[in-house]
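If you want the building blocks of each chain, they are given just below.
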Amino acid sequence: MAPRIAACIGRVPPSQAPDLRATFESMPLPVLEADEYQLSEGEAIAARMRRWDAGQSPGPYTMELYPTMTCNIDCVFCDTTYRKGKQHGELTAEDYWKLLDEAAEMGVRRVFILGGGEPMVRRDVTPELMRRIKNYGMEGHLATNGTLFNDRIIDQIIESCWDELHFSLDAPDRATNDFLRGSKGTFDKVSQVMSRIHARKHFRAQRGVQDAPRMLIHAVVTNKNYRMFSDMVRFAHALGCYRVNFDYIIAYRPEQHALKLNEAERAQVPALAREAIKLAEQLGLETTLDHFLHESTMDRGEMVFDQSGPEDVAHAPCLNPWYYLVVQPDGSTSPCCVITGTGNNVREGLGEVWRSRDGSYFGDLRRNMQAKVMTDLCRNCSQSIIARNDYIREHLRD
Ligand code: SF4
């Protein structure tokens, strides 16, 4: 097993950063480009994409893992139909250790664990997977409903310098949040976990230890909570978060359509978003509220892509197939969480699945993207993915 990086490095100013190159070089994580660790995320991904253009096949920069579709709560807007009880055909713990070893070999830099269901339901996988991710020196993110944390997991997260925790929380008040999350007691549990982590970080910061993990809140916007943008920003700030991600509900079932905003409510949204953006700026918090300033960028389902320019990697309408890999609980793959489960299974071997070849899922996807041919499902793409693509493109066209 590779040596652990003993100090959290996320927030250390470059001038004070310890020289970690020796540590990285002694790890079984191959440095793809000698200088990659000196680059920003956008520069590093752009460098890997240039290597694709040069006929090489660098590994994904980010890998998203969904350990399970089972969940312990019952959110009203959830699109996971079978989330109760034991699932069949999910990757085993051994499958995950092998997958992570392969990912390290291929130079994956960030692993994002999320659901699907609630990742912490997989007690046999998620905590140990998090430990191994940090042992490999990768950046670790976890999205969670926060209701299944205990002291041991909080200790591990703090001591291993886990990088980011994304908590699902839909309102800064108990009644609204627990209604939307479909389970009483959810608000109290999550806010207690976040408070405890915030307090531990504060205490450690006073002793000069850097402040991992960063915390953020994910909130699904419905007609029950759209007036709470500013209150959510205040609440997130009080709990020590650096960001709040707001996403408008995607409705599949009648009870979900009933949570969508009517015309009069939608008309109020830009002003509420503007007010909350101003507050977030004062408090130094990041948000996705820009998407709520115009009705056209609030909804999902009608995304339009720029399909102009030459047929090369830099001008592909979506860059995800070259740097992003999603692995579902059953091992099936995709380049994003929107067109899930359509690619080959990682049980075939991660390198085999990821590298381009004629007739392979990712090979065809990349060829089609360069030819500006997208899947129908791409219409459901999210503003956050588009924004991340735009950020990388800035570096790609330098
Ligand atoms: S849904 Fe979005 S991220 Fe996924 S392949 Fe289509 S454009 Fe790319």
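Position numbers for residues count from 1 along each chain, tracking the sequence in the order it is written. Totals for whole chains, interfaces and linings use all residues, but because this is a predicted model, local features are given only for residues with pLDDT of at least 70 and pairs of side-chain atoms are given and counted only at 80 or more.

Draft legend 1. Structural view of the overall build of the chain. Tallying secondary structure elements over the chain gives 14 helices and 10 strands in all. Exposed residues have 12 or fewer other C-beta atoms within 10 Å of their own C-beta, buried residues have 20 or more, and partly exposed residues fall in between, where C-beta atoms are placed from the backbone. In the chain, which comprises 398 residues, the proportion classed as buried is 36%. Once local pairs closer than 6 in sequence are excluded, the contacts in the chain between residues at least 24 apart make up 71%. Secondary structure is summarised from DSSP: a helix means a run of H or I of at least four residues, a strand means a run of E of at least two, and numbering begins at the N terminus for each. Two residues form a contact once the distance between their C-beta atoms, set from the backbone, is within 7 Å.

Draft legend 2. The sheet that holds strand 9 (residues 332-334), seen in detail. With mixed pairing, the 10 strands of this open sheet are ordered in space as 7-6-5-4-3-2-1-8-9-10. Either end of the sheet is taken by a strand with one partner, and the two such strands are strand 7 (286-287) and strand 10 (343-345). Relative to strand 7, strand 6 (residues 243-248) is paired through 2 bridges, and the arrangement is parallel. Paired with R243 across the strands is E286, a residue of strand 7. Strands are treated as partners if at least two bridges between them are detected by DSSP.

Draft legend 3. Spotlight on the site of the ligand. All residues are tested the same way: a C-beta atom is placed from the backbone, and lying within 6 Å of a molecule or strand makes the residue near it. Around the ligand sit C318, N320, P335, C336, V338, I339, M374, T375, L377, C378, C381 and I385, and that is every residue in its neighbourhood. Three residue categories are used. Nonpolar comprises Ala, Val, Leu, Ile, Met, Phe, Trp, Tyr, Cys and Pro, charged comprises Asp, Glu, Lys and Arg, and polar comprises the others, including Gly. Its residues assigned to classes, the shell around the ligand comprises 10 nonpolar, 2 polar and no charged.

Draft legend 4. Expanded view of unusual backbone geometry. Here the bond from G115 into G116 is cis, since omega is 20°, no more than 30 degrees from zero. Note that G116 resides in the loop between strand 2 (110-113) and helix 4 (126-135). Despite not being glycine, K372 shows a phi value in the positive range, around 65°. Examined against the element boundaries, K372 turns out to sit in the loop between helix 13 (361-370) and helix 14 (383-396).

Draft legend 5. Examining the confidence of the model for the chain more closely. Scored between 0 and 100, pLDDT is the confidence that the predictor attaches to each residue. Here the chain shows a mean pLDDT of 86. Residues at 70 or above account for 88%. The low-confidence segment residues 1-32 (pLDDT under 50) makes 49 contacts with residues lying over four places distant or belonging to another chain.

Draft legend 6. Region of interest: the pairing of strand 5 (residues 214-221). When you tally the buried positions in strand 5, you get 6 out of 8 residues, the bulk of the element. Bridge count for strand 4 (residues 164-168) against strand 5 is 5 bridges, and the pairing is parallel. Within the sheet, the bridge partner assigned to S168 lies in strand 5 and is H218. By the criterion used throughout, a crossover qualifies as right-handed when its path from the first strand across the helix to the second strand runs clockwise, the strands pointing away from the viewer. In the classification by handedness, the crossover that spans strand 5, the intervening helix 8 (residues 229-238) and the parallel strand 6 is right-handed.

Draft legend 7. Broad picture of the packing of helix 2 (residues 41-53) against helix 14. Look at helix 2 against helix 14: their axes get within 8 Å of each other, and the N-to-C directions meet at 70°. The angle between the axes of helix 2 and helix 14 places the two elements in the roughly perpendicular class. When the axes of helix 2 and helix 14 are compared, the crossing they make is right-handed. On helix 14, the residues that touch G42, E43, I45, A46 and M49 of helix 2 are Y391, I392, E394, H395 and L396. For the contact of helix 2 with helix 14, the residue count by class is 6 nonpolar, 2 polar and 2 charged. Every angle, taken between N-to-C directions, lies between 0 and 180 degrees, and every axis is a line fitted to C-alpha atoms, over only the stretch in contact when it is a helix. Working definition: roughly parallel below 35 degrees, roughly antiparallel above 145 degrees, roughly perpendicular at 65 to 115 degrees, and oblique for all remaining angles. Take the far helix as the reference: if the near one is turned anticlockwise from it by less than a right angle, the crossing is left-handed, and if turned clockwise, right-handed.

Draft legend 8. Region of the structure containing the environment of E41. Counting through the fold element by element, E41 comes out in helix 2. Residue E41 is classed as partly exposed on the basis of its 16 C-beta neighbours within 10 Å.

Draft legend 9. Representation of the pairing of strand 2. Sheet topology note: the strand 1 (residues 62-65)/strand 2 ladder contains 4 bridges and is parallel. By the bridge assignment for strand 2, E64 is matched with F112. When strand 2 meets strand 3 (residues 139-144), the two strands line up parallel, connected through 4 bridges. Paired with I113 across the bridge in strand 3 is L142. Considered for its hand, the β-α-β crossover made up of strand 2, helix 4 and strand 3 is right-handed.

Draft legend 10. Spatial organisation of the nonpolar core. Counting 86 residues, the largest nonpolar core has I217, M232 and V244 as its most contacted members. Per element, the largest residue contribution to this core is 6 residues, and it comes from strand 5. Ignoring any residue separated from it by four or fewer positions in sequence, one finds M232 in contact with P172, I217, A219 and V244. Here, a nonpolar core denotes buried Ala, Val, Leu, Ile, Met, Phe, Trp, Tyr and Cys residues that are linked to one another through C-beta atoms within 7 Å.

Draft legend 11. The arrangement of the environment of R196 in detail. Along the chain, R196 turns up in helix 7 (residues 186-206). Note: C-alpha distance between R196 and L239 (43 residues apart in sequence) is 9.2 Å.

Draft legend 12. Here's a closer look at the environment of I386. By secondary structure assignment, the location of I386 is in helix 14. The spatial distance from the C-alpha of I386 to the C-alpha of F305 is 8.9 Å, given a sequence separation of 81 residues.

Draft legend 13. Just helix 3 (residues 93-105), in detail. Each residue after the first adds 1.5 Å to the expected span of a helix. An ideal rise of 1.5 Å per residue puts 18 Å on 13 residues; helix 3 measures up with 19 Å between its terminal C-alpha atoms. Taken together, the buried positions of helix 3 are occupied by Y96, L99, L100, A103 and A104. Buried residues in helix 3, looked at end-on, bunch into an arc of 135°, giving them a common side. Looking at the buried positions of helix 3, the neighbouring elements they touch are strand 1, helix 4, strand 8 (324-327) and helix 12 (350-354). Downstream of helix 3 by one or two residues, G107 has phi in the positive range, about 85°. Directions are taken from the helix axis to each C-beta atom, and the arc is the one they span.

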